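# What the coordinates show
Residue-level listing of the chains:
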Amino acid sequence: MSESALLWFRRDLRLGDHSALLAAAERSDAVLGVFVLDERLLTASGQARRAFLADCLRALNHDLSGRFLVARGRPVDVLPRIADAVGAGAVCVSEDCAPYGRSRDDEVAEALAGRGVDFVRAGSPYAVTPGRLRKSDGSPYRVFTPFHRAWTAHGWCAPADTGPGTVRWLDPPRQFATAIPDEPAPDGVDLPAAGERAALMRWAAFRAGSLARYPDDRDRPDQPGSSRMSAYLKWGCVHPRTLLADLAAGGPGADSYRAELAWREFHADVLWHQPATARHNYDRRFDRFSHDSGATAEAAFDAWCAGRTGYPLVDAGMRQLLAEGWMHNRVRMVVASFLVKDLHLPWWRGARHFMRHLVDGDLASNQLNWQWVAGCGTDAPPYFRVFNPVVQGVKFDPDGDYVRRYVPELRAVAGKRVHEPWRLPDGPPQGYPLPIVEHAHEREEALARYGAITG
């Protein structure tokens, strides 16, 4: 163990349950922790996500007692120079399974090999690394339910026993150091507390409180039934193995929450096998789908982005996104359906808007959930499933509390009447718009357009 090692942090901003840290410890007792600010990724992230990342980096720097190197540049240029400076024999990483990350890592591995430095992939941001599970004929899974069965049967490793004392952390060579960005949150957005400790505290609170009611409350945006773990999972402040180990004890809600983690892993697996789905339809028949365009379509898109469609549940969700950098999962489906099937606009425009504002914006989960709603993705095609925003509101926000929380113009409207303000005796309260489209008509139009390419 004469040589040192680098631990290149990416989507694993923690010290506990860290397979790559364990791999580094097996290589050397002296390890330098590094994060590279890669402009290719930073420019693709919205301000809220960049701000949360910066907070997570500060939290990790604190946990490492300041022995944390944050550098800036192209990883293929920066990492070999850092490895040379500290005499590292290996660079250890959690495997990146996204399209850009895979190609970037291959490039870095080749550059390091030219210097005699090993590139060691150990673990990933998932309980079961994408690409590992296949059907009996060797093909990838296209439908969630059989994937879920295979994923459950395959199982996962126990959490890795790592922490601050696993290795001796090296002092960073300052010639490569750059300051952690002072990235403010967007105006009015209250970001969650960042870092590993905050993630574990949030998880403990959820397990002690809302988990038991999760099967019933997870679809209720008016209830505090969500775990709010998505941003922590996005940046690896906690590993899903840690959560799954706690869920192994069973009890109310455990199976339901485990299935939600499986959906996250399913979408990552689909993207691993089909990287083009980050930008293009999984079902290429939908390339022929007719979308609206022109000034009217652009005005409708702007109204959707601003939460001024005249449909209260849709507007509440879009305003929650702008206010918190987060949106309740049930409402994400409703607003996505409205954009694609009521406004007849392409899913990728909505997906881009989400990625611009979400703190938890994850390429695989975001793009493939949008495609699922649009009907062009995996699983049984739900193109015929058109969410009625009024019915969804009455069912999942029965007293209207969620809508009134985010749409102040409607706070004086009591009960479920808030979901149809155009039916009030005097119409919508002042300042709130009438519906920009008529849902029943647009539903029939959407089905006709889908039928033209699927029938």
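Okay, so let's go over this structure.

Parameters and conventions
Residues numbered from 1 in each chain as written. Predicted model: local features only at pLDDT ≥ 70, side-chain atom pairs only at ≥ 80, totals over all residues. Heavy atoms only, no water. Core = buried A, V, L, I, M, F, W, Y, C linked by side-chain atoms within 4.5 Å. Buried < 20%, exposed > 50% of the residue type's maximum accessible area, 1.4 Å probe, protein only. Contact = heavy atoms within 4.5 Å. Disulfide = S-S within 2.5 Å. Patch = residues over 30% accessible without salt bridge, like charges linked within 9 Å, V, L, I, M, F, W, Y side chains within 5 Å. Areas by Shrake-Rupley, 256 points an atom, 1.4 Å probe, with all protein chains shown as cover. Salt bridge = Lys/Arg side-chain N within 4 Å of Asp/Glu carboxyl O. Lys, Arg positive; Asp, Glu negative; His and termini not counted. Charge placed at Lys NZ, Arg CZ, Asp CG, Glu CD. Helix = DSSP H or I, 4+ residues; strand = E, 2+ residues; numbered from the N terminus. Phe/Tyr/Trp six-rings, centres within 6.5 Å; stacked < 30°, edge-to-face > 60°. Lys NZ or Arg CZ within 6 Å of the ring centre and 35° of its normal. Axes fitted to C-alpha atoms, helices over the stretch in contact; angles between N-to-C directions. Parallel < 35°, antiparallel > 145°, perpendicular 65-115°, else oblique. Left-handed = near helix turned anticlockwise from the far one by under 90°. Nonpolar A, V, L, I, M, F, W, Y, C, P; charged D, E, K, R; others polar.

## Some words on the nonpolar core
In a soluble, globular protein the nonpolar side chains are often hidden away together inside. In terms of nonpolar packing, the biggest core is built from 73 residues, with Phe-9, Leu-13, Trp-169 and Tyr-257 touching the most fellow members. Beyond its immediate sequence surroundings of up to four residues, Phe-9 is in contact with Arg-14, Leu-15, His-18, Gly-33, Val-34, Phe-35, Leu-60, Leu-64, Phe-68 and Trp-169. By size, the runner-up hydrophobic cluster in this structure holds 48 residues, among which are Met-333, Ala-374, Tyr-402 and Ala-446.

## Re the state of the cysteines
Scanning the entire structure with this criterion turns up zero disulfides. The cysteine Cys-376 is free of any disulfide, with Cys-305 supplying the nearest cysteine sulfur at 19 Å. On the basis of relative accessibility, which here comes to 1%, the residue Cys-376 falls in the buried class.

## Remarks on a positive patch on the surface
A surface patch of like charges, here positive, comprises Arg-40, Arg-279, Arg-352 and Arg-356. Considering the arrangement of structural elements, one finds Arg-356 in helix 15 (residues 347-357). By relative accessible area, Arg-356 is classed as partly exposed at 44%.

## Quick look at the packing of aromatic side chains
Overall, the coordinates contain 25 aromatic pairs when judged by the stated rule. Plain terms: the ring middles of Tyr-141 and Phe-147 are 6.0 Å apart, the flat faces sit at 80 degrees to each other, and that makes the pair edge-to-face. Take Tyr-141: its relative accessible area is 12%, and that puts it in the buried class. Taken together, the ring pairs in this structure connect Tyr-141, Phe-144, Phe-147, Trp-263 and Phe-266 into an aromatic cluster. Geometry around Trp-8 places Arg-10 over its ring, the cationic atom sitting 4.2 Å from the centre. Over the ring of Trp-235 we find Lys-234; its NZ or CZ atom is 5.0 Å from the centre of that ring.

## Regarding the packing of helix 10 (residues 240-247) against helix 11 (residues 254-273)
The interhelical angle for the contact between helix 10 and helix 11, taken along N-to-C directions, is 155 degrees, at an axis separation of 10 Å. Taken together, helix 10 and helix 11 sit at an angle that is classed as roughly antiparallel. The hand of the helix 10/helix 11 crossing is left-handed. Packed against helix 10, whose contacting residues are Pro-240, Leu-243, Leu-244 and Leu-247, the element helix 11 presents Ala-254, Tyr-257, Arg-258, Leu-261, Arg-264 and Glu-265 at the interface. Each residue belonging to the contact of helix 10 with helix 11 can be placed in one class, and the counts come to seven nonpolar, no polar and three charged.

## Comments concerning the environment of Glu-196
Within the element layout of this structure, Glu-196 appears in helix 7 (residues 196-208). Residue Glu-196 is classed as buried on the basis of its relative accessible area, which comes to 13%. On a C-alpha basis, the gap between Glu-196 and Thr-129 in space is 21 Å, while along the polypeptide they are 67 residues apart. Filtering out sequence-adjacent residues up to four positions away, Glu-196 remains in contact with Arg-14, Leu-15, Gly-16, Asp-63 and Cys-237.

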